[in-house]
Amino acid sequence: DHGKAIVGTVSGSSVSYGTAVTFNAATTTRISGTFDSDSNKVVIAYRDDGDSNKTKAIVGTVSGTSISFGSDATITTNATGNPTSTTFDSNSNKVVVFYRDDDNSEYGTAAVGTVSGTSISFGTPVVFESATIGIIQSSSTFDSSNNKTVVAYRDVGNSSHGTAIVGTVSGTSISFGTAAVFHAASTEETFCTFDSGNNKVVVGYRDNAAPKAVASSVGTVSGTSISFGAESTVQSLSLYISNPSIAYSPDVGKVVLVYMDADNSSYGTYAVGEVSGTNITYETPAVFAAAATEDCGIAYDTNEDRFVVSFKDAANSNYGTSVVLTFSSIALTIGSDYYVQEDGTISTTSTSPAQLIGKAIKTNQINIKDYTG
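Treat the numbers as computed from the prediction; the structure is a model and nothing was measured. (Residues numbered from 1 in each chain as written. Predicted model: local features only at pLDDT ≥ 70, side-chain atom pairs only at ≥ 80, totals over all residues. Heavy atoms only, no water.)

## Details of the pattern of salt bridges
When charged atoms on two side chains of opposite charge get close, those side chains can pair.
Phase 1: Applying the stated criterion across every chain yields a total of 11 salt bridges.
Phase 2: Asp 49 serves as the salt-bridge partner of Arg 47, at 2.9 Å between the closest nitrogen and oxygen.
Phase 3: The partly exposed category is assigned to Asp 49, whose relative accessible area is 24%.
Phase 4: What you see here is one network of salt bridges that share partners, running through Asp 48, Asp 51, Lys 54, Lys 56 and Asp 72. (Salt bridge = Lys/Arg side-chain N within 4 Å of Asp/Glu carboxyl O. Buried < 20%, exposed > 50% of the residue type's maximum accessible area, 1.4 Å probe, protein only.)

Given below as structure tokens:
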């Protein structure tokens, strides 16, 4: 049960891995992680069950297909009873770790970390919800348009309603606005991501009412507050799901949500969503792994323009497994002019009333024509 990390390299539609590296040589639980783009380091938060259940973090440095780690830092000597959720604030260049503080009435708590070399140090933890909460690894995100962190959680003190709150980092501390409910009923498995194309926070969750729907809402941050549009059902289920995850692609402007479909032999399932205004619509969910699947995670590789979905393959000895998800797209001919047609499609046809867009400079990139002059 040691804490380990492994480096994956995406090539086309496949991913390969280096050798797993231990970052904590003891029983390790409640793991989450993020990338610090200022220091080019990976930060992992976790509970060290081998050291009195302390909540800790550690800095990793990727080199080739391997990763090495510095010394761990204690966030708090208190234990966290839910997974941690870790987010990088690119405005302040700080790491924010969210967790449930079991030694302080299970309150929702956050701590700000500063990476220096291969080490990280934390300021004093701050309570954001004075009640028992529930979160999962992907429950927090950073809104880069408003320079705010957002965490989504189950507020047990308010009938387990789905709730979110906005945090503002200052130095080594963080302050919070007023919590906002996005689902006024019993909610579990909250998770979120930031849609940088629409400058919106997309929150997903499981509705505990029958049917136990996987659902989603779009949040708009304003100052230290967040408001939500209408709820959108991704899929209605009669059975529970566990540990879903979500990520956004800036290249196609869509989110992908991954989860275990308990109504379909626990197959690994994904749904593609697109934000419009304060609403989001999802395409029909599809299977990414036709076998019993648990603990789904998803990340977006901005270099290869691909999603990587990782999961526990219960049909294959519970092995950690990954699959690459690729959006199909038009293969552009470099050097050709492209026109948008009356029906919204793109082609090299210039028949009226088609409008010239510009010239293809890559197989997936058009140099937009300047209409100002």
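## Comments concerning the nonpolar core
Phase 1: In terms of nonpolar packing, the biggest core is built from 17 residues, with Leu 257 and Tyr 282 touching the most fellow members.
Phase 2: Looking at this core, the elements that each hand over two or more residues are β20 (214-222), β23 (245-249), β24 (254-261), β25 (267-276) and β26 (279-282).
Phase 3: With three residues, β24 is the single largest residue contributor to this core.
Phase 4: If you look at the next biggest cluster of nonpolar residues, it comprises 15 residues, including Val 150, Ala 164, Phe 194 and Val 203. (Core = buried A, V, L, I, M, F, W, Y, C linked by side-chain atoms within 4.5 Å. Helix = DSSP H or I, 4+ residues; strand = E, 2+ residues; numbered from the N terminus.)

## Section: the packing of aromatic side chains
Phase 1: The tally for this structure, following the rule as stated, stands at 11 aromatic pairs.
Phase 2: For the ring pair Phe 182 and Phe 228, a centre distance of 5.4 Å and an interplane angle of 55° mean the geometry is tilted. Here Phe 182 is found in strand β18 (residues 180-195), whereas its partner Phe 228 is found in strand β21 (residues 225-228), with 46 residues between them in sequence.
Phase 3: Since its relative accessible area comes to 3%, Phe 182 is described here as buried.
Phase 4: One aromatic cluster is present, built from ring pairs that chain together Phe 98, Phe 128, Tyr 153 and Phe 176. (Phe/Tyr/Trp six-rings, centres within 6.5 Å; stacked < 30°, edge-to-face > 60°.)

## Focus on the pairing of strand β6 (residues 54-63)
Phase 1: Here strand β5 (residues 41-48) runs beside β6; their pairing, made up of seven bridges, is antiparallel. Looking at β6, one finds that Val 42 is bridged to Gly 60.
Phase 2: Linking β5 to β6, which pair antiparallel, is a turn of five residues; within it Ser 52 sits at a positive phi near 60°.
Phase 3: As defined by bridge partners, β6 adjoins strand β8 (residues 73-76) across three bridges and the pair is classed as antiparallel. Bridge pairing links Lys 56 to Thr 74 in β8.
Phase 4: Summarising the sheet, β6 and strand β7 (residues 66-69) pair through four bridges and their orientation is antiparallel. Bridge assignment links Val 62 to a residue of β7, and that residue is Ile 67.
Phase 5: The hairpin formed by β6 and β7 contains two residues between the paired strands, and Gly 64 there has a positive phi angle of roughly 65°. (Pairing = 2+ DSSP bridges.)

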